[in-house]
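What follows is each chain in one-letter form.
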Amino acid sequence: MNTSWLRRHHELLRTLLILFLGQLVSFDLALTSFTSSLLATLGLDAPITQTSFMYLSLVLVYGSIFFYRRQRLLVPWYWYLLLGFVDVQGNYLVNKAYQYSSITSVTILDCFTIAWVIALTWIFLGTRYSLWQLLGAALCVVGLGLVLLSDSGVGGGGGSRPLLGDILVIAGTLFYAMSNVGEEFCVKKKDQVEVVFMIGVFGFLVSLCEIAIFERSSLISVEWTSEMILALVGYTISFFLFYTLVPYVLKLSGAALFNLSVLTSDMWAVVIRIFVYDQQVDWLYYVSFLIVVVGIITYSKTEKDPPPLPVIEDDDPNVEYQALNEDNAIWRDNASAS
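Quantities reported herein were computed from a predicted structural model and do not represent experimental measurements. (Residues numbered from 1 in each chain as written. Predicted model: local features only at pLDDT ≥ 70, side-chain atom pairs only at ≥ 80, totals over all residues. Heavy atoms only, no water.)

Let's talk about the nonpolar core
Reasoning step 1: Judged by nonpolar contacts, the single largest core of 40 residues is most densely connected at Leu58, Tyr80 and Tyr243.
Reasoning step 2: Where this core is concerned, the elements lending two or more residues are helix H1 (2-42), helix H2 (47-69), helix H3 (77-97), helix H7 (162-189), helix H8 (192-221) and helix H9 (226-263).
Reasoning step 3: Broken down by element, the residue count for this core peaks at 12 residues, all from H9. (Core = buried A, V, L, I, M, F, W, Y, C linked by side-chain atoms within 4.5 Å. Buried < 20%, exposed > 50% of the residue type's maximum accessible area, 1.4 Å probe, protein only. Helix = DSSP H or I, 4+ residues; strand = E, 2+ residues; numbered from the N terminus.)

So, in structure tokens, the structure goes:
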């Protein structure tokens, strides 16, 4: 009886922890959206630059842990290069959208990532979905279509060029989907410290290259203010926390509850738009949000655990870390023998 009581309380505490972490990620995502929108309002038109500081922070923190472990890479570096590249493009397009569209439009349209993930996993991973899951995804797309309808002028969407901003967000979610699918594969089968560290490394290197090509003139013309610097610091911290928390939440709860938790960030965005920017929210946004909620619940209720992903190694799927000094010793033995 005591064992049963402890088991029930353990499950309850675990559920409460998952809900707390999910809402923490949701609020953190809303803060990231707010600070990015604030930077655009203050006149900083350099979306790659603002994310480069986040990638650098990932390198400094997770790189220290990675090198302290003295472990070697479990995934080939060129996969991380690809992940870093698509991640930078997704962040660039979504952050660029804040120059033209409202914070509510950007955060709601972020849900388009779900549709892209379904398409990518169907084509490349062979994942099959039930009719209820496809119906839920279709409802999400319908809800997102209402946002486009509002921003095209029917409901008076916010922003200077809201329709262009919406297109940028949708394009950015495609890159987010590619990054999420690859990152989920690596995190679930490998080491999340390595994954976050290497995404930070190649994300920072790709950002430096693109800054030199696309944003050098924009940075020269920027008039830096204390408000802009504080907003940039806030964006870096909130985005760093997002990249830190997401792998843990995914491992604890899976994609279904995670998507439901992150969905509440849209309502945080509505609150920010009303009370911080003093802007009215069109009634179509509330209808869109309701339809998206119904769609994600429909999808999540019928979601099943995915089949185990294949491992990258050809030998032992449970390969553990090997210290670099062991490899060096083997290399020295071979060198001395020759």
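Having seen the model, we can carry on.
Re the pattern of salt bridges
Reasoning step 1: Scanning all chains against the criterion turns up 2 salt bridges.
Reasoning step 2: Note that Lys96 and Asp45 form a salt bridge whose closest N and O atoms lie 2.8 Å from each other. Of this pair, Lys96 sits in helix H3 while Asp45 is found in the loop between H1 and H2, placing the two residues 51 residues apart along the sequence.
Reasoning step 3: Judged by its relative accessible area of 15%, Lys96 falls in the buried class.
Reasoning step 4: With relative accessibility at 29%, the residue Asp45 sits in the partly exposed group.
Reasoning step 5: Ionic pairing is found between Asp191 and Arg69, a salt bridge with its closest N-O pair at 2.9 Å. Linking Asp191 in the loop between H7 and H8 with Arg69 in helix H2, this pair joins segments that are 122 residues apart in sequence. (Salt bridge = Lys/Arg side-chain N within 4 Å of Asp/Glu carboxyl O.)

Purely geometric stuff here, so don't read any function into it on its own.
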